[in-house]
Amino acid sequence: MSISQAISPVSDPPVAVWLQTDANNAKVQVGGNVNVYSLGGIWTQIRDSQDSWLKQGDSKSKSLIFDASKVTFLDGAGIAFLIGIEEAQATAGAKFDLVGLDARYEPLLKEFNPISNLFPIPAVKPQRSFVVSTGMATQNLIDDAVGLISFTGHLFSDLVWSIRNPKQVRWGDFVNAAVEAGLAALPIVGLVSFLIGVILSFQAAIGMEQFGAVSFVGPLAALGIVREMGPLITAILLAGRSSAAFAAEIGTMTVNSEVDALVSGGLSPIRFLVVPRVLAGILVAPILTLYSDIVSIFSSMLTMLIYGIPFVNFYNGMLAAVGIEDILSGLLKATLFGVVVSAMGCLRGMQTGTGAAAVGISATRAVVSSIVMIVLVDGIFAFISYKTGF
Amino acid sequence: MNAPNTPNTLSTSSNPTCAIDVQNLTVGYGSNILMQNLNFSVNNGEIFVILGGSGCGKSSLLKNLFGLYQPLAGDVLIEGQNITAARGAERQKIMRSFGVMYQEGALFGSMNLLDNVTLFMQEYTQLTETQMNLLARCKLDLVGLLPFESYMPSEISGGMQKRAAIARAMALDPKILFLDEPSAGLDPITSADLDSTIQDLSKNLGITFVIVSHELASIYAIADKVIMLDKDAKGIIAEGDPKVLRDTSKDPRVHQFFNRIISKDLA
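On a predicted model such as this, the values are computed, not experimentally measured, just so you know.

Within the largest apolar cluster, 104 residues are counted, with the highest numbers of intra-cluster contacts made by Ile 20, Val 210 and Met 228 of chain B. When sequence neighbours within four positions are dropped, the list of residues in contact with Val 210 of chain B reads Ile 20, Val 42, Phe 48, Leu 62, Leu 65, Ile 176 and Phe 178 of chain B.

Take a look at the structure:
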């Protein structure tokens, strides 16, 4: 047979037939082009017949002949088929004979000796008790907390270092990160802020109208926006866009051993990768918040026009309710959010495991941790504000 | 040996001994042409090695051969079927007839080795899970990775990842295997074992191998035929049996490559 014949699959099924001569003797007659496609279905049929035959009576006195004399071509799947049948015979303690196999398949068949290696005993997964699982979960939590604390320490020391050595900060990376996290976020922050402004005013106006207090909606909405909504909208959008981006970028660098290369070159990855991004977060978060405040208040003004409140009235009411300290308080909070969001993104990126899936996990963890931290910081800030009046 | 850019006589697509036929192929990216007007053919069951210095476009040529990239000009015929002109389902059908091992292994990171090998079987065959697992274990055994079937790609070394990638490429017992630097980064024993497996598969199952390689020892051991590419000539500068080329080639570039002569010594 020429090789070209072997190469073109011949579709003349069945490639294998089960022949039982008597209770103790059977034969598998294999022929034609035995390959991974032609074996589909037949393999299961033959093995099922073999298993039910072996189960009847004493299997040790049974003998099976695998007749491969009519095979025109046998690929790796054909050899696996043969091995599967041989192993089933061996397991049952029955006899197995291979006849008529072309000599050219012998070397390949020999590669798999002993075939029992191909049939490992499935390992039983050790069951973890509740106590062990709880202990391990606690340990993970502690490890994570320790990682966060030590990262915060490193980050602070490197931020102080960068203030003392401003020339050595990677300003190129800082600019790139600031443009990507700040400038590129303007459209989405604008859109979301506009809509939130409209929704907030509408919702408030519906309730307030019943008390004839629609004129108070403007000041109320404006105060809420500058103190709470502006910083929160910005921070959450930053978490979704930039924190995930930082985690994915640094995560990919970790997977590709680029972070290892920095460490072995004597450079601090925090100073090199994290500081520029955190500085960018510190810069863009308050700016984006201010922009978000302006857009939201403007959209609120437009909404109140529907309720017959002119711009001037809204403006005067707002001036009476919102002081400069309210705006500053919002911006200070936004700055903290900027630090938290960019630092969490970088931390999760640096904690990336190996493989492509790990980068995805890091990006997800970055967004989740950032949002948790935003809420935490917001809560602490609200408490301090309440106590100090700022 | 062919002079650069001299087209061979075109082999017809109906030639039954021809596994791959390359006709007037131009490889490159946009205006950056790496190889021009290549003509060669790979016979059935042959171990065909593509040689050349780093950056001359060997891997790019390989990706053009198996249809991952569209060539700038020319045609590649795989068993008489023009993969360059084929589109959609027709192209996928041609692609199913060969296996590819990428330079970096390109294993799926979220699956263990056994699942990496069975993935394509799950899609294209009607075997049961037990049968697929047995078949996949055979493939892993051939590359010496049987004990590592449940390992994730990230838990094994680079050389092992390469071998696992070869096992995956062989999953459906394709007629043609494209291997991009299979033995680079392997220890000499594993590399020799791999060479012997490649020879067995070629000799006994008639599998055609198209291999990009730098490993001279491995090339001498297994290659039936080599082509040597050159960056400046943008084409094939030598073709034939590697040992013959090593001993008889008058071309200084070929002589330098096969005899590992340092560039400054040549000048």
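Now that the structure has been shown, we can carry on.
Here we come to the domain arrangement of chain A. For chain A, the domain assignment lists domain 1 (3-118) and domain 2 (149-388). Using C-alpha coordinates to define each centre, domain 1 of chain A is positioned 67 Å away from domain 2 of chain A.

Turning to the interface of chain A and chain B, a few remarks are in order. At the junction of the two partners, chain A supplies 30 residues and chain B supplies 29 residues. Elements supplying a minimum of two residues to the side of chain A that touches chain B: α1 (3-7), α2 (42-55), α3 (76-92), α4 (106-110) and α13 (356-388) of chain A. The element best represented in the side of chain A that touches chain B is α3 of chain A, accounting for five residues. Grouping the constituent residues of the side of chain A that touches chain B by class yields 17 nonpolar, ten polar and three charged.

Before going further, it helps to spend a moment on the domain arrangement of chain B. Residues and elements named next belong to chain B. When the domains of chain B are assigned, the result is domain 1 (1-97 + 175-267) and domain 2 (109-173). Its C-alpha centre places domain 1 at a distance of 26 Å from the equivalent point of domain 2. Taken together, the ten residues of domain 1 in the interface contact eleven residues of domain 2. Residue assignment for the side of domain 1 that touches domain 2 shows that the elements contributing at least two residues are β7 (176-180) and α6 (188-205). Considering only residue class, the side of domain 1 that touches domain 2 consists of five nonpolar, three polar and two charged.

All names here are of chain B. Relative to the helices and strands, Met 160 resides in helix α5 (residues 158-169). Counting along the chain gives 26 residues from Met 160 to Leu 186, while the straight-line C-alpha distance between them is 8.2 Å. Contacts of Met 160, omitting those with residues within four sequence positions, involve Leu 145 and Phe 148.

Residues and elements named next belong to chain B. Across five bridges, strand β9 (residues 225-230) lies against strand β10 (residues 235-240) in antiparallel orientation. Bridging across to β10, Met 228 finds its partner in Ala 238. A loop of four residues connects β9 with β10, the two strands running antiparallel in sequence, and Lys 234 in this loop sits at a positive phi of about 50°.

Definitions and cut-offs
Residues numbered from 1 in each chain as written. Chains lettered and ligands numbered in written order. Predicted model: local features only at pLDDT ≥ 70, side-chain atom pairs only at ≥ 80, totals over all residues. Core = buried A, V, L, I, M, F, W, Y, C linked by C-beta atoms within 7 Å. Buried ≥ 20, exposed ≤ 12 C-beta atoms within 10 Å, placed from the backbone. Contact = placed C-beta atoms within 7 Å. Domains from an automatic or database assignment. Helix = DSSP H or I, 4+ residues; strand = E, 2+ residues; numbered from the N terminus. Nonpolar A, V, L, I, M, F, W, Y, C, P; charged D, E, K, R; others polar. Pairing = 2+ DSSP bridges.

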